[in-house]
Amino acid sequence: MLDAGRHDRQRLVAGFGGPAQDRLRQASVLVAGCGALGCTVADLVVRAGVGRVVIVDRDVVEPSNLQRQTLFAQADLGVPKALAARARLQTIDPSARIEAWVDSIERESIDDYLDGIDLVFDGFDAMEPRYLLNDACVRDGRPWVYCAAIATQARAMLVHAGGPCLRCVWPDAPPTGALGTCDSAGVLGSSIAIAAGASVSLGLPILAGMPPTVPALVSIDTAQGSWRSISVARDPACPCCVGRRFDWLEGASGAATAVLCGRHAVQVRPAVAAVLDQAGWLARLAPSGSFTAGEGLVRGTLDPSRCGGAALELTVFMDGRAIVHGTTDPAVAAAVCERVLGG
Ligand SMILES: [Zn+2]
């Protein structure tokens, strides 16, 4: 049979022989977001023999993605990422069950996508959806792997039942503007590969039936030449994994959107007030379009290539509240803010 020997080299690795490969074939994973991190993670898990891979992503492939989003090629420009990823992955292993959904993962929909999933790989490009994912996974005792990359930095951490969760490490989402985004600070394809590789290295053994690794945040900065494993422990005061309070899932935390009637605009109020001044906002937004400062605000036009080709204008107030003009879709507005404002 054509497929014979496909996983031979993997089976030779301690823990991946015998029934482990069958466990991988029976496993279901969710790749939450299929940008750069999700592409590399999905490629690795399908090649490793995971039987069912569910991909959820709301965006379409843009030219600036091709530098690092390894499942996509020139011919995929304009195609929804989830669909392009599925097509590519199906050519890699036609026997794998690849499910693709063109959608964002929201409070209302996350449980649909988690149904039957053994482990979740984080492919998000912002912090806030990670808190939602953390809530849902901790609630269910479902393992997930935090994964992030920006500029020359890469991070990954396994969250599993009984271990520390995201909120043990970072109790609250960062203020809007506190962190850069790949749209403002850039990212190297190599940082993505390292972060995604670390993520799959932490998650795949769980799916193969091995015990979780000692809780740690893997943190790599290639510019500094530093590769660190930082010990993390459960915080006895953690509201999530200890207190069993799921603020993001229940809507007590998180950005709030409101359609502004008659203005063809959506207001996005951040979960945590912003920390940037006008100069900071102008610098943050410069790569995303043409912006000027006004009284207590910064406003301008977004480069269409930064928002899926749409013609959008953005007004940002000093507390991080933003109005996205040119759409009435709260999900589009929230996505734009996550990408260009950072958080
Ligand atoms: Zn916790």
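Above this text you will find the structure in question.
In short, a report on the structure. Remember, predicted model here, so these are calculated numbers, not experimental data.

Thresholds applied
Residue numbers here run from 1 along each chain, matching the order of that chain's written sequence. A pLDDT threshold of at least 70 governs which residues receive local features in this predicted model, and a stricter bar of 80 or more applies before side-chain atom pairs are shown or counted, although totals over entire chains, interfaces and linings include all residues. The side-chain numbers reported here are obtained from all heavy atoms of the structure, hydrogens and water having been left aside. Numbering of helices and strands runs from the N terminus, with a helix taken as a DSSP run of H or I at least four residues long and a strand as a DSSP run of E at least two residues long. For a compact globule the rule gives 2.2 Å times the number of residues to the power 0.38, and the radius of gyration it is set against comes from C-alpha atoms. Only protein chains enter the accessibility calculation, which uses a 1.4 Å probe; a residue is then buried when its area is under 20% of its type maximum, exposed when over 50%, and partly exposed in between. The protein chains shown are the only cover counted for residues, whose accessible areas, like all others here, come from Shrake-Rupley with a 1.4 Å probe. Positive charges come from Lys and Arg, negative ones from Asp and Glu, while His and the chain ends are left out of the count. Charge positions come from single atoms, namely NZ of Lys, CZ of Arg, CG of Asp or CD of Glu. In what follows, residue pairs with any heavy atoms lying within 4.5 Å of each other are defined as contacts. For Na, K and Ca the donor cut-off is 3.2 Å, while for other metals it is 2.8 Å, and in both cases only N, O and S atoms qualify; water is not among them, so sites may look incomplete. In these descriptions, tetrahedral denotes four donors with every angle between 85 and 135 degrees, square planar four donors and octahedral six donors with opposite donors over 155 degrees apart and the rest between 65 and 115, and irregular any other case. Think of it this way: DSSP has to see at least two bridges between two strands before they count as a pair. Interaxial angles span 0 to 180 degrees and are taken between N-to-C directions of axes, which are lines fitted to C-alpha atoms, for helices over the stretch in contact. Any carboxyl oxygen of Asp or Glu that lies within 4 Å of a side-chain nitrogen of Lys or Arg is treated as forming a salt bridge with it. Within this scheme, the nonpolar core is defined by two criteria: the residues are buried Ala, Val, Leu, Ile, Met, Phe, Trp, Tyr or Cys, and they are joined through side-chain atoms within 4.5 Å. By definition in this entry, angles of less than 35 degrees are roughly parallel, angles greater than 145 are roughly antiparallel, angles of 65 to 115 are roughly perpendicular, and the rest are oblique. Should the near helix be turned counterclockwise from the far one by less than a right angle, the crossing is left-handed, whereas a clockwise turn marks it as right-handed. Residues are sorted three ways: Asp, Glu, Lys and Arg are charged, Ala, Val, Leu, Ile, Met, Phe, Trp, Tyr, Cys and Pro are nonpolar, and all the rest, Gly among them, are polar.

This part takes up the overall build of the chain. Counting secondary structure elements, the chain contains twelve helices and 14 strands. The globule rule puts the C-alpha radius of gyration for 343 residues at 20 Å, and the 20 Å found for the chain is close to it. Each of the three principal axes of the chain carries a C-alpha extent, and together these read 65 × 50 × 40 Å. Across the 343 residues that make up the chain, the buried fraction comes to 51%. Just so you have it, the chain exposes about 14500 Å², and 54% of that area is on carbon and sulfur atoms. For the chain, the distance from the average site of its 30 positive side-chain charges to the average site of its 35 negative ones is 3 Å.

Counting through the fold element by element, leucine 37 comes out in helix α3 (residues 36-48). As for leucine 37 and threonine 257, which are separated by 220 residues in sequence, their C-alpha atoms are 27 Å apart. Among all residues touching leucine 37, those that are not within four sequence positions of it are Asp122, Gly123, Phe124, Arg130, Cys147, Ala148, Ala149, Ile192, Ala195 and Ala196.

It is worth spelling out unusual backbone geometry at this point. Unusually for a residue other than glycine, alanine 151 sits at a positive phi of about 50 degrees. Take alanine 151: it is sitting in the loop between β5 (144-150) and β6 (153-159). For alanine 151, a relative accessible area of 26% puts it in the partly exposed group.

Bound to the zinc ion are the protein donor atoms Cys165 (SG), Cys168 (SG), Cys238 (SG) and Cys241 (SG), situated 2.3 Å from the metal. Around the zinc ion, the four donor atoms sit at angles spanning 93 to 126 degrees, and that spread fits a shape best called tetrahedral. For the zinc ion, the single-chain donor residues occur in sequence as C-x2-C-x69-C-x2-C. Of this pair, cysteine 165 sits in the loop between β6 and α7 (166-169) while cysteine 238 sits in the loop between β8 (226-231) and α10 (247-250); the two residues are 73 residues apart in sequence, bridging distant segments of the chain. Note on cysteine 165: relative accessible area 1%, which makes it buried.

Turning our eyes to something else, we now look at the sheet that holds strand β11 (residues 289-294). Taken in spatial order, the six strands make up an open sheet running β9-β10-β14-β13-β12-β11, and their pairing is antiparallel. Each edge of the sheet is formed by a strand with only one pairing partner; in this case those strands are β9 (256-260) and β11. When strand polarity is set aside, the average angle formed by the axes of neighbouring strands in this sheet is 20 degrees. Pairing geometry for strand β12 (residues 297-302) and strand β13 (residues 313-317), over five bridges, is antiparallel. Counterpart to arginine 299 in the pairing with β13 is threonine 315. Running over the sheet, helix α11 (residues 278-285) touches β11, β12 and β13 and is turned about 170 degrees from β11. Along the sheet, helix α12 (residues 330-341) contacts β9, β10 (265-269), β12, β13 and β14 (322-325); its crossing angle with β10, the most-contacted strand, is approximately 55 degrees.

A few words on the pattern of salt bridges. On inspection of all chains with the given rule, the structure shows 14 salt bridges. The residue arginine 339 makes a salt bridge to glutamate 62 at a minimum N-O spacing of 3.8 Å. Taken together, the residues arginine 339 in helix α12 and glutamate 62 in the loop between β2 (52-57) and α4 (81-92) connect sequence positions 277 residues apart. For glutamate 62, a relative accessible area of 7% corresponds to the buried category. It is possible to trace a salt-bridge network through shared partners that takes in Asp111, Arg139, Asp140 and Arg142.

Formed by 49 residues in total, the largest nonpolar core has its most connected members in Val50, Val53 and Ile55. When sequence neighbours within four positions are dropped, the list of residues in contact with valine 50 reads Leu24, Arg25, Ala27, Val29, Val45, Ala96, Leu204 and Leu207. Counting 35 residues, the second-largest nonpolar core is a separate cluster that includes Ile110, Tyr113, Leu217 and Cys240.

Further remarks concern the packing of α3 against α4. If you want to describe how two helices pack, look at the angle between their axes and the distance between the axes. Packing of α3 against α4 leaves a shortest axis separation of 10 Å and a crossing angle of 30 degrees. The angle between α3 and α4 places the two elements in the roughly parallel class. For the element pair α3 and α4, the recorded crossing hand is right-handed. Contacts between α3 and α4 pair Ala42, Asp43, Val46 and Arg47 from the former with Arg88, Leu89 and Ile92 from the latter. Classifying every residue of the contact of α3 with α4 gives four nonpolar, no polar and three charged.

Taken in spatial order, the eight strands line up as β3-β2-β1-β4-β5-β6-β7-β8 in an open sheet, and their pairing is mixed. Only two strands of the sheet have a single neighbouring strand rather than two, namely β3 (97-102) and β8. Adjacent strand axes in the sheet meet at a mean angle of 15 degrees when their direction is disregarded. Two strands pair when backbone bridges link them, and strand β1 (residues 28-32) and β2 are joined in this way by five bridges, in the parallel orientation. Each residue of the ladder has a partner; that of valine 29, found in β2, is valine 53.

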